[in-house]
Amino acid sequence: MRVEIENLSKSWDGVIGADNITIDIPDGDMVAFLGPSGCGKTTTLLMVAGIYKPTGGTISFDGRVVNEVAPKDRGIGMVFQSYALYPHMSVFGNISYPLRLQKLDKGDIKQKVQKVADMMGIGDLLDRKIAQLSGGQQQRVSLGRALVKEPQLLLFDEPLSNLDARLRLTMRGEIKRLQKDLGITSIYVTHDQIEAMTMADRIAVMSKGVLQAYDVPEALYDRPKTLFVAGFVGNPPMNFFDVEIMSTNGEFRARSEAIDLVIPRDRAEKAAAVKGKITMGLRPEDVTFADESSSAGAGLTLTGVAEVVEPLGREDLVGVSINGVEMRVLVDKTKGVRVGNNITLVVNTSKLQLFDPETEQSLLWA
Amino acid sequence: MAQSLDKDTLARAAIGAPGPQRGTLGRRVRNTFTAYGFLGPAMGLVLFFFVIPGILLVVLSLTDLSSANFSDPWTFIGLDNFERLFADPFFPKILRNTVFYVFTTLIFFNLGLALVLALVTTNIPRRSGFFFRLIWLLPRLTPSVVYILMWKRIGQADPFGIYNQLFPEFLGASGGNLFLGGSPWTFVILTNGFVGASFGMIIFTSALESIPKDLITAAKVDGANVWRIIRDIKLPMIKWPLLFIATYQTLSLLTSFEYILLLTEGGPGLFTTEVWALTAYKRAFASYFGNSQWAFGATWAIVLVTVALLLAVIYVKLFKFNELIEEPRIENL
């Protein structure tokens, strides 16, 4: 089912929860609503579910405006962070509840519940009380309850946030596989950008009730349109520096008291319109560790002192102080960086981002 | 001491689990004292306000003590008072009245109206709900005598009652005899019920508000309408408060008589609205001929206490209140 959200707004007594949001979700896609707490992602989800009434704009399912349609008539299934299972019912009672409300035949209900439970790997737990289940099992029951009525749209409200790290990884894969197998259009609300990047076909990044960007994960990562998106998507987060762009001898340089880098002409020219300081962004992985043999040209390196070294296993996350400016970089752990080491970094300047500090918009990807 | 604290003991101490059975005598004595120390205050209250008065009541019911002979030594007359009680021609009527009064007030007001009020005021904007409940609580803040007398002034028969004086022909043309004159039970139960409902309302409101919002959202998405949400989610989730109020209010209504005393004095006519607790009070303290039959009043009272105790036991068993006390367990996720 195709879901179109157009100019959707929600406010309570002047407090804005969601502001003029427009998102078009193609049939069968999984879209993540990504953003920090209070960004409006859950508000938007609850409007799609029909729990909140929009103060403006429309929501359409397959071209039909559903603003006035009750949640029970929207053909949706929902999975919650808290699981929201009915504690006084058994597993069977929980999964069968939507079907019992539809007054289906008892035999049909039993068959459908068993099928969904088997698919979720909880087929042998149907008689259990909810309190007798582990968190992972509870989340499966919750998923089963959402799927049993064969919804046209699945809504996930931070479904994995209450699970431990390993289980989260497993469930992440399972949910994605299930969603693709069943082909049900899905909206997935999360504050975890890794979840959003790995699971979603498209991501809607939100902040303070405003849609910041809506694009495929790679585009958000490589071509962030706003400073917020650049800072929020990617882990460890992007480094930002205040620089001025100068043109000398046909070369463009990004300069501050601490930094002096030659930057590519195509990027620099787009920033030329802005006078004075601009914000330059550089991802921690777009920097390589220079050893003696490296032949990086002048103006492409930065030198500094390692102040913090955090081993991540495969790599080390090193906090480098470059003439007093902090920068986080990911380096090969075989380099064996120690706190206090003087290091030289080669910057992949073809990946750097430039933003207008006033409007926080990208100067490269308008 | 310190070296005997192995990891196991510490773990048990951390979760408050009982220690191993190999404790020394001294430790066991100390544990017992601790247990009784915690139980002590509550046991003291029960002892002074229930057990001792109960024993005195039993002893008193076996005498013929009254205001006529209180200066004489007590004379024990066996079970004569009990025989007199059960032989009383109005005994069946009083019993019927009591059952009617208790369960009608309980079902329609202390549970029914309380539940309706709680469900309604939690479903309207928070501020209005709070305001409405506050208004409903006002009679609780008024001394009950004042509250009762106000209603009495309104409900009395013409020419005393305000309503019947103003609208003698309105509402069924009662000839100025509506409420206290025409249907005293309805008026008594309404007057008591309006106040009585506020207790359940407060308890049910807090129970309803503690139901996680997600559960209601989930039920809506699953396809439940308002009525199914109440029936399938809300009522089961407030099962324990409902059972508690049912039990508590039954027992409290059994012993309440001040509304009836002040509104009708058990009348009009003979024992029309007389309940058990009122009879006990009248026999003991308010005889027409100035003779307070303390021992006979005590007999009515002790029978009522016994019935209440039995009811309490039945409620506890029937409603499985012991299920409320669960073994603590550590959640493994």
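Calculation notes
Residues numbered from 1 in each chain as written. Chains lettered and ligands numbered in written order. Predicted model: local features only at pLDDT ≥ 70, side-chain atom pairs only at ≥ 80, totals over all residues. Heavy atoms only, no water. Core = buried A, V, L, I, M, F, W, Y, C linked by side-chain atoms within 4.5 Å. Buried < 20%, exposed > 50% of the residue type's maximum accessible area, 1.4 Å probe, protein only. Helix = DSSP H or I, 4+ residues; strand = E, 2+ residues; numbered from the N terminus. Contact = heavy atoms within 4.5 Å. Domains from an automatic or database assignment. Buried area = accessible area lost by both parts, 1.4 Å probe. Salt bridge = Lys/Arg side-chain N within 4 Å of Asp/Glu carboxyl O. Axes fitted to C-alpha atoms, helices over the stretch in contact; angles between N-to-C directions. Parallel < 35°, antiparallel > 145°, perpendicular 65-115°, else oblique. Left-handed = near helix turned anticlockwise from the far one by under 90°. Nonpolar A, V, L, I, M, F, W, Y, C, P; charged D, E, K, R; others polar. Expected span 1.5 Å × (residues − 1). Phe/Tyr/Trp six-rings, centres within 6.5 Å; stacked < 30°, edge-to-face > 60°. Pairing = 2+ DSSP bridges. Polar contact = N/O pair within 3.5 Å; in protein donor to acceptor, adjacent residues only side chain to side chain.

K.L.:
Which residues make up the nonpolar core, and what are the values?
P.N.:
Judged by nonpolar contacts, the single largest core of 100 residues is most densely connected at Phe33, Phe61, Leu153 and Leu155 of chain A together with Tyr101 of chain B. Looking at which element gives the most residues to this core, the answer is helix α4 (residues 91-121) of chain B, with 13 residues. Each residue touching Phe61 of chain A, except ones within four places of it in the same chain, is listed here: Met1, Arg2, Val3, Val48, Val66, Arg74, Ile76 and Leu153 of chain A.

K.L.:
So what's going on with the domain arrangement of chain A? Which residues, and what values?
P.N.:
Residue and element names in this part refer to chain A. Per the domain assignment, the segments making up chain A are domain 1 (3-232) and domain 2 (239-355). For domain 1 and domain 2, the distance between their C-alpha centroids amounts to 39 Å. The interface is formed by eight residues belonging to domain 1 together with six residues belonging to domain 2. For the domain 1 and domain 2 pair, buried surface summed over both sides reaches about 650 Å², with 54% attributable to carbon and sulfur atoms. It is Tyr221, Leu227 and Ala230 that lose the most area in domain 1 upon contact with domain 2, and together they represent 67% of the buried surface on that side. At the surface where domain 1 touches domain 2, the tally comes to zero salt bridges.

K.L.:
Now, about helix α14 (residues 276-285) of chain B: what can you tell me, with residues and values included?
P.N.:
Residue and element names in this part refer to chain B. With eight of 10 residues buried, α14 lies mostly within the body of the structure. Taken as a whole, α14 has its buried residues at Trp276, Ala277, Leu278, Thr279, Ala280, Lys282, Arg283 and Ala284. Of the surrounding elements, those touching the buried residues of α14 are α3 (80-87), α4, α12 (239-254), α13 (258-263) and α15 (294-318).

K.L.:
I'd love a proper account of the packing of helix α4 (residues 135-147) of chain A against helix α5 (residues 165-182) of chain A, names of residues and values included.
P.N.:
Axes are the key here: two packed helices are described by the angle between their axes and the distance separating the axes. Residue and element names in this part refer to chain A. Two numbers describe how α4 lies on α5: the axes approach to 12 Å, and their chain directions differ by 15°. Taken as axis vectors, α4 and α5 run roughly parallel relative to one another. For the element pair α4 and α5, the recorded crossing hand is right-handed. Residues Gly136, Gln139, Arg140, Leu143 and Leu147 of α4 touch α5, and the partners they reach there are Leu167, Met171, Glu174, Ile175, Leu178 and Leu182. Residues belonging to the contact of α4 with α5 are distributed by class as follows: seven nonpolar, two polar and two charged.

K.L.:
Which residues make up α15 of chain B, and what are the values?
P.N.:
Residue and element names in this part refer to chain B. For α15, built from 25 residues, the straight-helix expectation of 36 Å at 1.5 Å per residue is met to within 8% by its first-to-last C-alpha distance of 36 Å. The inward-facing, buried residues of α15 abut α2 (25-61), α3, α4, α12 and α14. Just downstream of α15 lies Lys320, where phi reads positive at about 50°.

K.L.:
Can you break down the environment of Leu45 of chain A residue by residue, with the values?
P.N.:
Residues and elements named next belong to chain A. Within the secondary structure layout, Leu45 lies in helix α1 (residues 41-49). Here Leu45 falls in the buried class, since its relative accessible area comes to 0%. Here the alpha-carbon distance between Leu45 and Leu282, two residues 237 residues apart in the chain, equals 33 Å. When neighbours within four sequence positions are excluded, Leu45 is seen to be in contact with Phe33, Met78, Leu155, Phe156, Asp157, Ile187 and Val189.

K.L.:
Requested: an account of the packing of aromatic side chains, with residues and values cited.
P.N.:
All names here are of chain B. Scanning the model with the defined rule gives 24 aromatic pairs over all chains in all. Ring plane angle 80° and centroid distance 5.7 Å describe the contact between Phe91 and Trp276, whose orientation is recorded as edge-to-face. In this pair, Phe91 is assigned in helix α4 and Trp276 in helix α14, connecting sequence segments 185 residues apart. The pair formed by Phe91 and Trp276 is uniform in burial state, with each residue classed as buried. Relative to Phe194, the ring of Trp151 lies with its centre 6.4 Å away and its plane at 40°, an arrangement referred to as tilted.

K.L.:
Outline the sheet that holds strand β11 (residues 239-248) of chain A, supporting the account with residue identities and numerical values.
P.N.:
Pairing between sheet strands relies on hydrogen bonds along the backbone, with the strands arranged either parallel or antiparallel. Residue and element names in this part refer to chain A. The strand order across the open sheet formed by five strands is β13-β12-β11-β14-β20, and the pairing between neighbours is antiparallel. The outermost strands of the open sheet, each flanked by one partner alone, are β13 (260-263) and β20 (353-355). Sheet twist, expressed as the mean angle between neighbouring strand axes with direction ignored, is 40°. Two elements, β11 and strand β12 (residues 251-255), share five bridges in a ladder whose sense is antiparallel. Looking at β12, one finds that Ile245 is bridged to Ala254.

K.L.:
Would you mind going over the interface of chain A and chain B in detail, with residue names and values included?
P.N.:
Across the boundary between the two partners, chain A contributes 24 residues, which contact 20 residues of chain B. When chain A packs against chain B, the two sides together hide about 1,900 Å² of surface, and 63% of this comes from carbon and sulfur. Among the residues chain A hides against chain B, the three largest losses belong to Lys72, His88 and Leu101 of chain A. Together they make up 25% of the total. Linking chain A to chain B there are one salt bridge. With a shortest N-O distance of 3.6 Å, Asp222 of chain B and Arg145 of chain A are connected by a salt bridge. Across the contact surface, chain A and chain B share six residue pairs in polar contact (both at pLDDT 80 or more). Elements represented by at least two residues in the side of chain A that touches chain B include exactly β6 (76-80), α2 (91-101) and α4 of chain A. Ranked by the residues each element gives to the side of chain A that touches chain B, the list is headed by β6 of chain A, at four residues. Classifying every residue of the side of chain A that touches chain B by side-chain character gives 15 nonpolar, five polar and four charged.

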